[in-house]
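One-letter residues, chain by chain:
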Amino acid sequence: MKKQLGKERYFVEKLDLLYEGKAKQVFLTDDPDLLIVDYKDDATAFNGEKKGTIPGKGAVNNRMSNQFFRMLEKKGIPTHYVQELSDTETVVKKAEIIPLKVIIRNVAAGSFSKKLGIEEGFQLLEPTLEFSYKNDALGDPMINDYYAIAIGAAQRNEIERIEELAFQVNDILKEAFWNLGIRLIDFKIEFGRYKGQIILADEISSDTCRLWDMETDEKLYQDRFRHDLGEVEGAYQEVFRHLGL
Ligand code: TMP
């Protein structure tokens, strides 16, 4: 079945499943430069150790991610986003994924607090960035830029571009969430190579951002699932309300 892409009257056909991850399926299309991502309702945390299904999560994350990608594109960040096809499906550019998770933190929380013995909620003196090497079997170990270059995950100029874009994304997202009454504590992003350029890929959603209510510091969405705080499904629906989706 061919799906129409926006006003351009461009059609793309969903072909074979290329890859199935924890939260999405990725399909080939009849255009070698494009893929279709289909978000699932499955939820995992702690590198897949905790699993569950949250009805409606796929649609929330798809639409949330697309909204952010469109906003970031407008502000000059190159992304893989092409077009939303349905509640859970999106056409994206077929980037060669760089096997690094890029984590930006504004406030101490999660593994950072645990590792360094710094209280959750401590406002970092400046935003920080860390890399982990995408490898499920090894539990995505934290590495630095020298490791990344030494193992051929990325070149020096690519690392520099990734860092520059990641901090720009942080500034844009922090402000966008702030305007919604939400503190962006930390988040994870991924990048890919596409036609000689580094572009933002993967997703930016309630699964990949740690968000706290600005007034109460209540943990929103992701932490609710991770730490059995209940009302997970409702919390995901809250994303829609908060973001005006
Ligand atoms: P952490 O405190 O568990 O290291 O997580 C930091 C942020 O990165 C948090 O917002 C969750 C996000 N993240 C992912 O989205 N995927 C991952 O695999 C990891 C380790 C973190």
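Residues numbered from 1 in each chain as written. Predicted model: local features only at pLDDT ≥ 70, side-chain atom pairs only at ≥ 80, totals over all residues. Heavy atoms only, no water.

## Topic: the overall build of the protein
As a reminder of what qualifies: Helix and strand definitions follow DSSP, with helices as H or I runs of at least four residues and strands as E runs of at least two, each counted in order from the N terminus. Only protein chains enter the calculation, and the probe is 1.4 Å; a residue is then buried if its accessible area is under 20% of its type maximum, exposed if over 50%, and partly exposed in between. Residues are treated as being in contact if the distance between any of their heavy atoms lies within 4.5 Å. Per-residue and other accessible areas were derived by the Shrake-Rupley procedure at a 1.4 Å probe size, with only the shown protein chains allowed to occlude residues.
The helix and strand inventory of the protein stands at six helices and 16 strands. Within the protein, the fraction of its 245 residues that count as buried is 49%. Residue pairs at least 24 apart in sequence account for 56% of intrachain contacts in the protein once pairs closer than 6 positions are excluded. Counting only carbon and sulfur atoms, one obtains 49% of the accessible surface of the protein, whose full area is about 12,200 Å².

## Quick look at empty space enclosed by the protein
Definition in use: A 1.4 Å probe that fits but cannot get out identifies a cavity on a 1 Å grid over protein atoms alone, an open set with protein on both sides within 12 Å along at least five of seven lines counts as a pocket, and a residue lines either if it has an atom within 4 Å of a point. Grid points are joined across faces, edges and corners, and a volume is the space filled by probe spheres set on the points. Lys, Arg, Asp and Glu make up the charged group, whereas Ala, Val, Leu, Ile, Met, Phe, Trp, Tyr, Cys and Pro make up the nonpolar group; the residues left over, Gly among them, are polar.
With the rule as written, the count across this model stands at one cavity of 30 Å³ or more. The computed volume of the largest cavity comes to approximately 60 Å³. Taken together, Lys24, Val37, Tyr39, Ser65, Asn66, Phe69, His80, Tyr81, Thr90, Val92 and Asp202 make up the lining of the largest cavity. Where the lining of the largest cavity is concerned, the elements lending two or more residues are β4 (34-39), α1 (57-74) and β8 (89-93). The element best represented in the lining of the largest cavity is α1, accounting for three residues. Here the residues of the lining of the largest cavity are counted per class, giving five nonpolar, four polar and two charged.

## Thoughts on the pairing of strand β13 (residues 182-194)
Keep this limit in mind: Being paired, for any two strands, means DSSP has found at least two bridges between them.
For β13, the buried fraction is high: twelve of the 13 residues fall into the buried class. The pairing of strand β9 (residues 96-97) with β13 spans two bridges and is antiparallel. Along β13, the bridge assignment pairs Glu96 with Arg193. Relative to β13, strand β10 (residues 100-107) is paired through four bridges, and the arrangement is antiparallel. Opposite Arg105, over in β13, you have Asp186 as the bridge partner. Pairing analysis gives five bridges linking β13 to strand β15 (residues 209-213), with the strands arranged antiparallel. Along β15, the bridge assignment pairs Asp186 with Arg210. With five bridges joining them, β13 and strand β14 (residues 197-201) adopt antiparallel strand pairing. Bridge pairing in β14 links Arg193 to Ile198.

## Things to note about unusual backbone geometry
The backbone of Asp140 sits at a positive phi, close to 50 degrees, despite the residue not being glycine. With respect to the element layout, Asp140 can be found in the loop between β11 (123-133) and β12 (142-143). The buried category is assigned to Asp140, whose relative accessible area is 9%.

## Focus on the nonpolar core
Within soluble globular proteins, side chains that are nonpolar generally end up buried alongside one another. Stated formally: Grouping buried Ala, Val, Leu, Ile, Met, Phe, Trp, Tyr and Cys residues that are joined through side-chain atoms within 4.5 Å yields what is termed a nonpolar core.
Counting residues in each nonpolar core, the largest one holds 36 residues, and the members touching the most others are Leu100, Val169, Ile189, Phe191, Leu200 and Ile204. For this core, the secondary structure elements donating two or more residues are α1, β10, β11, α4 (156-178), β13, β14 and β15. If you tally residues by element for this core, the top one is α4, at nine residues. Apart from residues no more than four positions distant in its own chain, Phe191 is found in contact with Glu96, Ile97, Ile98, Val102, Ile162, Leu165, Ala166, Ile198, Ile199, Leu200 and Ala201. By size, the runner-up hydrophobic cluster in this structure holds six residues, among which are Phe27, Ile36, Leu85 and Val91.

## Some details on the site of the ligand
Heads up, the rule is: We call a residue near a given molecule or strand whenever any one of its heavy atoms falls within 4 Å of it. Two N or O atoms count as a polar contact when they lie within 3.5 Å, although within protein this holds only if one can serve as hydrogen donor and the other as acceptor, and sequence-adjacent residues are included solely when both atoms are side-chain atoms.
Surrounding the ligand, one finds 15 residues, the nearest of these being Lys101, Arg105, Ser111, Asp186 and Arg210. Here an oxygen atom of the ligand and a side-chain polar atom of Arg105 are 2.9 Å apart. Within the side chain of Asp186, a nitrogen or oxygen atom sits 2.6 Å from an oxygen atom of the ligand. Taken by itself the ligand offers 450 Å² of open surface, and the protein chains cover 85% of this. Secondary-structure elements contributing two or more residues to the shell around the ligand are β10, α2 (110-116), β13, β15 and α5 (222-226). Per-class residue counts for the shell around the ligand are four nonpolar, four polar and seven charged.

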